[in-house]
Amino acid sequence: YTVGWICALGTELYAARAMLDQQYDTRLGEGHDQNFYYRGQIGSRAVVITCLPVGETGSDMAAVVAQGMMAKFPNIKIGLMAGIGGGLPHEEHDIKLGDVVVSKPEGIHGGVVQYDTGKYTTEGFLRTGFLNAPPRELWAVLQSMPAHGHRLTNNPSETYPREKLDQLYGADRKEVKRKPGCRAAGPHVFYGTIASGKALNKDPAKGGILIKEHGVLCCEMEATDLMKTTFPCLVIRGISDYADSYKKGNWQAYVAASAARYAKDFLSEIP
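Notes on the structure in this doc start here.

Definitions and limits used
- Residues numbered from 1 in each chain as written.
- Predicted model: local features only at pLDDT ≥ 70, side-chain atom pairs only at ≥ 80, totals over all residues.
- Heavy atoms only, no water.
- Helix = DSSP H or I, 4+ residues; strand = E, 2+ residues; numbered from the N terminus.
- Rg over C-alpha atoms; globule rule 2.2 N^0.38 Å.
- Buried < 20%, exposed > 50% of the residue type's maximum accessible area, 1.4 Å probe, protein only.
- Phe/Tyr/Trp six-rings, centres within 6.5 Å; stacked < 30°, edge-to-face > 60°.
- Pairing = 2+ DSSP bridges.
- Expected span 1.5 Å × (residues − 1).
- Contact = heavy atoms within 4.5 Å.

1. As for the overall build of the protein chain
The helix and strand inventory of the protein chain stands at six helices and twelve strands. What you see for the protein chain is a C-alpha radius of gyration of 18 Å, in line with the 18 Å of a compact globule of 271 residues. With respect to the three principal axes, the spread of C-alpha positions in the protein chain is 50 × 45 × 35 Å. Looking at the protein chain as a whole, 54% of its 271 residues qualify as buried.

2. Comments concerning the packing of aromatic side chains
Aromatic ring pairs are defined here through the distance separating the ring centres and the angle between the ring planes. Evaluated as defined, the whole model comprises seven aromatic pairs. Taken together through their ring pairs, the aromatic side chains of Y1, Y37 and F73 make up a single cluster.

3. What to know about the pairing of strand β1 (residues 3-7)
Residues in a regular strand point their side chains to alternate faces of the sheet. Counting buried residues along β1, five of its five residues qualify, which places the element largely inside the surrounding structure. Of the two faces of β1, both are covered, the one formed by V3, W5 and C7 as well as the one formed by G4 and I6. Pairing analysis gives four bridges linking β1 to strand β5 (residues 78-87), with the strands arranged parallel. Bridge assignment links V3 to a residue of β5, and that residue is I78. Alignment of β1 against strand β4 (residues 45-51), held across five bridges, turns out to be parallel. The residue bridging W5 from the neighbouring strand is I49, located in β4.

4. Points about helix α2 (residues 59-72)
Since the α-helix packs 3.6 residues into each turn, any two residues three or four apart lie on the same face. Given a rise of 1.5 Å per residue, 14 residues ought to cover 20 Å, and the 20 Å separating the end C-alpha atoms of α2 matches this to within 8%. Taken together, the buried positions of α2 are occupied by S59, A62, A63, V65, A66, G68, M69 and M70. Looking at the buried positions of α2, the neighbouring elements they touch are β1, β3 (36-42), β4 and α5 (223-226).

Quick look at the structure:
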């Protein structure tokens, strides 16, 4: 098994397993490893998928799960963390609900920045969390994928929720008027920095700071410690909300399927 795929939620696991061309039996880890491993095939690649335990989401558990997977399947060369995240749209990147954001190294960041670790200085809060970048071999494959802001090549298996359910609110809690997304034909893909933290960000003001300081496109809470391990990880997030208190659960199945679809297309492009 050369591909390891980690999910945080049952919805994400369902979407990931749906991408397998062939499914084999499920294995349980040994000793302290309590992971359930769902094995299968995508094209010519043997893929193993696992999910964080129910009720134990977060970066600490993601790192533990990854280490268990790497110990049981030592030939893993390609790691995927595909699932749900909160989007941070702004003028340069017209991110809509249902779109996909993929971690890509830019500037001083390796694709993921830890936004809640740092120190206070006379100039304010200085973030010091540094996370590993995906293996360079995986960067090269991104060149064969849909370009930044373009539509996903293959549509997700789930039905697209109606566009009128896609509403963005500013820090003043007023709805932001935007041009139609025209996403019924399929989600668009964006590449850049993903912000990861120990706690879920629901503050639009903090999101604005992350955009200004780091050009962040998405927030999530599983990749922080995962990116500090040897797991060779690319983070793929379907946008189910806008990292605010206005949660839109009716998008989760669709965006999990969008992220999983991108992951499968990505694997098919690797020589």
